[in-house]
There are 2 protein chains.
Amino acid sequence: MSAEKNNTSHTKHRHLKLGLFGFGCVGQGLYHVLDETPGIKAEIKRICVKHKNKTRPLSEDLFTFSKEDILNDPDIDVVVELIDDAKAAFDIVKTALQNGKAVVTANKKMLAEHLEEIYQLQQQYGKPVLYEGAVCGAIPIIRNLEEYYDNDLLTGIEGIFNGSTNYILTKVFEERKSYGDALQKAQELGFAESDPSLDVKGFDPKFKLVVAIAHTFGVFVKPEEVINIGIDRISDLDLKFARDNGYGIKLIARAFKVENKVFGFVAPQFIESTHPLYAVRNEYNAVQVQSAFAEQQLFVGKGAGSYPTGSAVLSDISALTYDYQYEYKKLHQPHDLKFTNRLTVEAFVSFDEGTAISMSDFEQFQSGYASHGKQYMVGKVSLEKLQEWSGWDGVGVILAPNATLTPQKEVAKSFSLAS
Amino acid sequence: MSAEKNNTSHTKHRHLKLGLFGFGCVGQGLYHVLDETPGIKAEIKRICVKHKNKTRPLSEDLFTFSKEDILNDPDIDVVVELIDDAKAAFDIVKTALQNGKAVVTANKKMLAEHLEEIYQLQQQYGKPVLYEGAVCGAIPIIRNLEEYYDNDLLTGIEGIFNGSTNYILTKVFEERKSYGDALQKAQELGFAESDPSLDVKGFDPKFKLVVAIAHTFGVFVKPEEVINIGIDRISDLDLKFARDNGYGIKLIARAFKVENKVFGFVAPQFIESTHPLYAVRNEYNAVQVQSAFAEQQLFVGKGAGSYPTGSAVLSDISALTYDYQYEYKKLHQPHDLKFTNRLTVEAFVSFDEGTAISMSDFEQFQSGYASHGKQYMVGKVSLEKLQEWSGWDGVGVILAPNATLTPQKEVAKSFSLAS
């Protein structure tokens, strides 16, 4: 990189002292990866943890329970934030930048909720925040969107952004496990968030999508603006339907551009066996980038787990040794892109008989049938309506295989409302 | 990147004047991609071409037939080398660096033959040479090996490194085309090299592998040291065997590390339908990186074609606007790695009856049968022997699905020779 400008030797690389917040799955993974990596010019000076009475594998004097011991230590160059609590995490990031420290974080919720502020804080204090580990674990997607696809015209990004739900869906299909058992296993393996609803309701992949949208299209969007439909209401009938048709079910995060509009949402979808995402199993994540000239590119890698995420964090730390920072290039490219949810989506909707869902709710009704007290309707329906339904008891929403996604023409829409 | 050190504005980016050598498939692709890309701070000032009497889509005064018009023009910052002739290409690159110009090239043959010199010339003249487009087209593999996997411990890299043979094998299997027809189609589409033997005999993927080995393991190896076995001797019987067993055949380039040895070769292999590379079709390429902590990562993208390769070249040009250069980090990490071909490989060997191949040639013979005047032998055999056989008339060599690859213990080897 260009800290190496006019010289390729490594002498320019700085030796970094790290202050680590959190010593859970990822924190311990990072410690191990760092320990096993020769030539990395960084060392952990202090680790701030919450619980006093936990036995830890490292010498006690490496640990502190007061964040000031890291944030106010002039000797520490980089704050590595790996805690669960998004609010506390943001305070740490903000103070670290104010105190002239670079930051590496893997906290997708915090990033999604504060990305624009974090961008501005970087401008204000001139210190970088890197977060490759926050988006699809070991897959270097942010770095590639920033550096490699910096000029190609990106039209869409989609994929499997959550390892634990993909693990659960894999087990449910391949081993005919129940959700409960599959989820518990995922948590034992350290794939699942401490709050499983973040995963199964599609919040975790949404947070990652929000970050990806900023680096793909140069648009800041708030997580609450982005619709997420989870896998927690998928029924045995849905699973049977998928099996009978040779489909898989994947929780897909996607964003794409049509004219000056950016769309983005998270929802489960039936996936044909020939689809590139069908073969992405267990805790693996996948990201497909669609661009004008490089065309379709697929990245597959471990999206969760102690070492894969730890190695992504380490890669950011390594980048800081030559003062790398995100440029948010898409943000600086002139555009008039606006995020919107005015989208019509082709979906399968399952619900108990008597639920207030009817053919007329669909902009284009395709088929419907009833079985075992359940009703099925298939057709094109507005994304907002799907979101509303997905909040109702006993309503399952799954996108059709290769579902058509149609931006709503304001005019056409108002007509259809009038009619 | 760190030209942005202490500032994230774009003002630091330089506007580049480009001198282009060659205006074939990739050159014209680059011209189009550059033309269609807003915000890229680069323009083509001159294009040097060979043939005087060709009608070209651009104004005549953009073209020249004398390379000095570019190499001696102090106004030109970057030489973009996209010609076929490897020897002429190296002279251009060398002179460009000597004249203080940065270089972008997509010439894998030239790079493979001169990589160590090109590395030293960069040190000597302090100007970068970038070549993402030379290795798997649009897949950003070199950049990721350099910047993202700079510290993770890489143990192996393998994949489909040649778009035209993958296109041919796809057509041969899916459309039951003949080689001839499939190859011709590939050339019409601009996937195949002007000399098809570079593709079908596995030289082109070998050249890419040589470059990848330098950036994966920090080892320079000469292309003539690396064994390449092509797809040009695959017989109808091989195809039938693959179809009967639900296998595909892919031309696989791979390199991996065992203790202090690096192995690398190109050979066709039977691939099971569940293998991640099985689904990589037509001109798509794929690269799998195996590392200690990020674990398995798969990159899939267009490996050939005018725009995909053009966009990779553009991405390198864009990187030069902030003075990016490869650091060859693996080369600077202390290691005692040596490249060797002392490997035992599990393979299927088909040959005409009477060919001087016998069970005793195998280090571990597994099975054999005869059919239609052809003989088949399956077992573990030395890579050198496979290379020798693959040069004989009527001998086909294809690696077994998930073939075991066993480094030869010098001692054990000498025993087996003695016996």
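Residues numbered from 1 in each chain as written. Chains lettered and ligands numbered in written order. Predicted model: local features only at pLDDT ≥ 70, side-chain atom pairs only at ≥ 80, totals over all residues. Heavy atoms only, no water.

## Here's the deal with the overall build of chain A
Along its length, chain A carries 14 helices and 18 strands. A compact globule built from 419 residues would reach a C-alpha radius of gyration of about 22 Å, and chain A, at 23 Å, matches this within 12%. For chain A, the C-alpha atoms occupy an extent of roughly 65 × 50 × 35 Å along the three principal directions. Each of the 419 residues in chain A was classed as buried or not, and the buried ones make up 60%. (Helix = DSSP H or I, 4+ residues; strand = E, 2+ residues; numbered from the N terminus. Rg over C-alpha atoms; globule rule 2.2 N^0.38 Å. Buried < 20%, exposed > 50% of the residue type's maximum accessible area, 1.4 Å probe, protein only.)

## A closer look at the UniProt feature "domain: Aspartate/homoserine dehydrogenase NAD-binding" (unreviewed entry) in chain A
UniProt's entry tags residues 22–132 of chain A with the feature "domain: Aspartate/homoserine dehydrogenase NAD-binding" (unreviewed entry), counted in the numbering of this structure. Helix makes up 42% of residues 22–132 of chain A and strand makes up 17%, while its end C-alpha atoms are separated by 17 Å. (UniProt positions renumbered as here; feature names shortened; annotations may be inferred.)

## Some thoughts on the side chain of Glu 346 of chain A
Residues and elements named next belong to chain A. Mapped onto the elements of the fold, Glu 346 is located in strand β14 (residues 343–352). In this structure the side chain of Glu 346 is engaged in a polar contact, spanning 3.2 Å, whose partner is the side chain of Gln 366. Excluding anything up to four places from it in sequence, Glu 346 contacts Gln 366, Gly 379, Lys 380, Leu 399, Ala 400, Asn 402, Ala 403 and Thr 404. (Polar contact = N/O pair within 3.5 Å; in protein donor to acceptor, adjacent residues only side chain to side chain. Contact = heavy atoms within 4.5 Å.)

## Here's the deal with the interface of chain A and chain B
On the side of chain B, 58 residues touch chain A, which itself brings 58 residues to the contact. Together chain A and chain B conceal approximately 4900 Å² of surface at their shared face, both sides included; 51% is due to carbon and sulfur atoms. Counting every contact that joins chain A to chain B gives 2 salt bridges. Linking chain A to chain B there are 16 residue pairs in polar contact (both at pLDDT 80 or more). Sorting the residues of the side of chain A that touches chain B by element identifies α1 (25–36), α5 (141–148), β12 (296–302), α11 (306–320) and α12 (329–332) of chain A as the ones contributing at least two each. Of the residues assigned to the side of chain A that touches chain B, the class counts are 24 nonpolar, 21 polar and 13 charged. With 3 bridges connecting them, β12 of chain A and strand β12 (residues 296–302) of chain B associate as antiparallel partners. From the neighbouring strand, Val 300 of chain A faces β12 of chain B, where its bridge partner is Leu 298 of chain B. (Buried area = accessible area lost by both parts, 1.4 Å probe. Salt bridge = Lys/Arg side-chain N within 4 Å of Asp/Glu carboxyl O. Nonpolar A, V, L, I, M, F, W, Y, C, P; charged D, E, K, R; others polar. Pairing = 2+ DSSP bridges.)

## A word on the sheet that holds strand β3 (residues 63–64) of chain B
Working definition: the strands of a sheet are paired by backbone hydrogen bonds and lie parallel or antiparallel to each other. Residues and elements named next belong to chain B. The parallel open sheet is built from 6 strands, whose spatial order is β3-β2-β1-β4-β5-β6. Pairing within the sheet leaves two strands with one partner each, and these edge strands are β3 and β6 (129–130). Relative to β3, strand β2 (residues 42–48) is paired through 2 bridges, and the arrangement is parallel. Counted as the bridge partner of Ile 47 is Phe 63 from β3. Of the strands in this sheet, β1 (16–21), β2, β4 (78–81), β5 (102–105) and β6 are in contact with helix α11 (residues 306–320), which crosses β5 at around 165 degrees. (Axes fitted to C-alpha atoms, helices over the stretch in contact; angles between N-to-C directions.)

## Brief notes about the packing of helix α6 (residues 163–174) of chain A against helix α7 (residues 179–188) of chain A
Residue and element names in this part refer to chain A. Closest axis-to-axis distance for the α6/α7 pair is 9 Å, and the angle between their directions is 135 degrees. When the axes of α6 and α7 are compared, the pair comes out oblique. The hand of the α6/α7 crossing is right-handed. Contacts from Ser 164, Tyr 167, Ile 168, Leu 169, Lys 171 and Val 172 of α6 reach α7 at Tyr 179, Ala 182, Leu 183, Lys 185 and Ala 186. (Parallel < 35°, antiparallel > 145°, perpendicular 65-115°, else oblique. Left-handed = near helix turned anticlockwise from the far one by under 90°.)

## Overview of empty space enclosed by the protein
A complete count under the given rule lists 3 cavities of 30 Å³ or more for this structure. As a volume, the second largest cavity reaches approximately 60 Å³. Val 33, Ser 311, Ala 312, Leu 314 and Ser 315 of chain A together with Tyr 148, Tyr 149, Asp 150, Asn 151, Asp 152 and Ala 294 of chain B are the residues that line the second largest cavity. With 4 residues, α11 of chain A is the largest single contributor of residues to the lining of the second largest cavity. Broken down by class, the residue content of the lining of the second largest cavity amounts to 6 nonpolar, 3 polar and 2 charged. (1 Å grid on protein atoms, 1.4 Å probe; cavity = no way out; pocket = protein on both sides within 12 Å on 5 of 7 lines; lining within 4 Å. Points joined across faces, edges and corners; volume = space filled by probe spheres on them.)

## Some words on the relation of the copies chain A and chain B
The two copies are related by a screw operation: chain A maps onto chain B through 180 degrees of rotation and 0.0 Å of translation along the axis, at an RMSD of 0.0 Å. The symmetry that links the two subunits is that of a two-fold axis. The overlap is high: 100% of the interface residues of chain A also sit at the interface in chain B, so the same surface is used on both sides. (Least-squares fit on C-alpha atoms with pLDDT ≥ 70 in both.)

## Re the domain arrangement of chain A
Once the domains are mapped, chain A shows domain 1 (3–134), domain 2 (153–304) and domain 3 (344–403). Of note, the centres of domain 1 of chain A and domain 3 of chain A, computed from C-alpha atoms alone, are 45 Å apart. (Domains from an automatic or database assignment.)

## What about the nonpolar core?
Core analysis: the largest hydrophobic core is formed by 278 residues, its most contacted members being Val 80, Tyr 131 and Ile 141 of chain A together with Val 80, Tyr 131 and Ile 141 of chain B. Grouped together as the second largest cluster of nonpolar side chains are 16 residues, Ile 160, Leu 277 and Val 280 of chain A together with Ala 286 of chain B included. (Core = buried A, V, L, I, M, F, W, Y, C linked by side-chain atoms within 4.5 Å.)

## Observations concerning unusual backbone geometry
Residue and element names in this part refer to chain B. Phi is positive for Arg 176, close to 50 degrees, though the residue is something other than glycine. For Arg 176, the position within the fold is in the loop between α6 (163–174) and α7 (179–188). For Asn 402, which is not glycine, the phi dihedral falls at a positive 50 degrees.

## Quick look at the environment of Lys 374 of chain A
Residue and element names in this part refer to chain A. Inspection of the secondary structure assignment puts Lys 374 in strand β16 (residues 374–382). On the basis of relative accessibility, which here comes to 16%, the residue Lys 374 falls in the buried class. Separated by 21 residues in the primary sequence, Lys 374 and Glu 353 place their C-alpha atoms 5.6 Å from one another. Contact partners of Lys 374, with chain neighbours within four places excluded, come to Leu 237, Phe 351, Asp 352, Glu 353, Tyr 369 and Gly 394. In this structure the side chain of Lys 374 is engaged in a polar contact, spanning 3.5 Å, whose partner is the side chain of Asp 352. Separated by 3.0 Å, the side chain of Lys 374 and the backbone oxygen of Gly 394 make a polar contact.

## As for the sheet that holds strand β4 (residues 78–81) of chain A
Residues and elements named next belong to chain A. In space, the 6 strands of this open sheet follow the order β3-β2-β1-β4-β5-β6, with parallel pairing throughout. Taken across any chain shown, the strands that pair with only one partner, and hence form the sheet edges, are β3 (63–64) and β6 (129–130). Where strand β1 (residues 16–21) and β4 come together, 4 bridges link them in parallel fashion. Counted as the bridge partner of Gly 19 is Val 79 from β4.

## Let's talk about the packing of aromatic side chains
Residue and element names in this part refer to chain A. Inspection of every chain in the model, using the stated rule, returns 43 aromatic pairs over all chains. A connected cluster of aromatic rings, assembled from ring pairs, spans Tyr 119, Tyr 131, Phe 220, Tyr 324, Tyr 326 and Tyr 328. Over the ring of Phe 173 we find Arg 243; its NZ or CZ atom is 5.4 Å from the centre of that ring. (Phe/Tyr/Trp six-rings, centres within 6.5 Å; stacked < 30°, edge-to-face > 60°. Lys NZ or Arg CZ within 6 Å of the ring centre and 35° of its normal.)

## Quick notes on the pattern of salt bridges
Counted according to the given criterion, the structure contains 44 salt bridges over all chains. Close ionic contact of Lys 171 of chain B with Glu 175 of chain B constitutes a salt bridge, the shortest N to O distance being 2.9 Å. In this structure Lys 171 of chain B comes out as buried when scored by relative accessible area, which is 12%. Here the residues in one salt-bridge network are Lys 45, Asp 73 and Asp 75 of chain A, joined through shared partners.

## Thoughts on the packing of α5 of chain A against helix α5 (residues 141–148) of chain B
One can describe the packing of α5 of chain A onto α5 of chain B by two numbers: an axis separation of 11 Å at closest approach and a directional angle of 115 degrees. Viewed along their axes, α5 of chain A and α5 of chain B form a crossing whose handedness is right-handed. Within the contact between the two elements, α5 of chain A uses Arg 143, Asn 144, Glu 147 and Tyr 148 of chain A and α5 of chain B uses Arg 143, Asn 144, Glu 147 and Tyr 148 of chain B. For the contact of α5 of chain A with α5 of chain B, the per-class residue count stands at 2 nonpolar, 2 polar and 4 charged.

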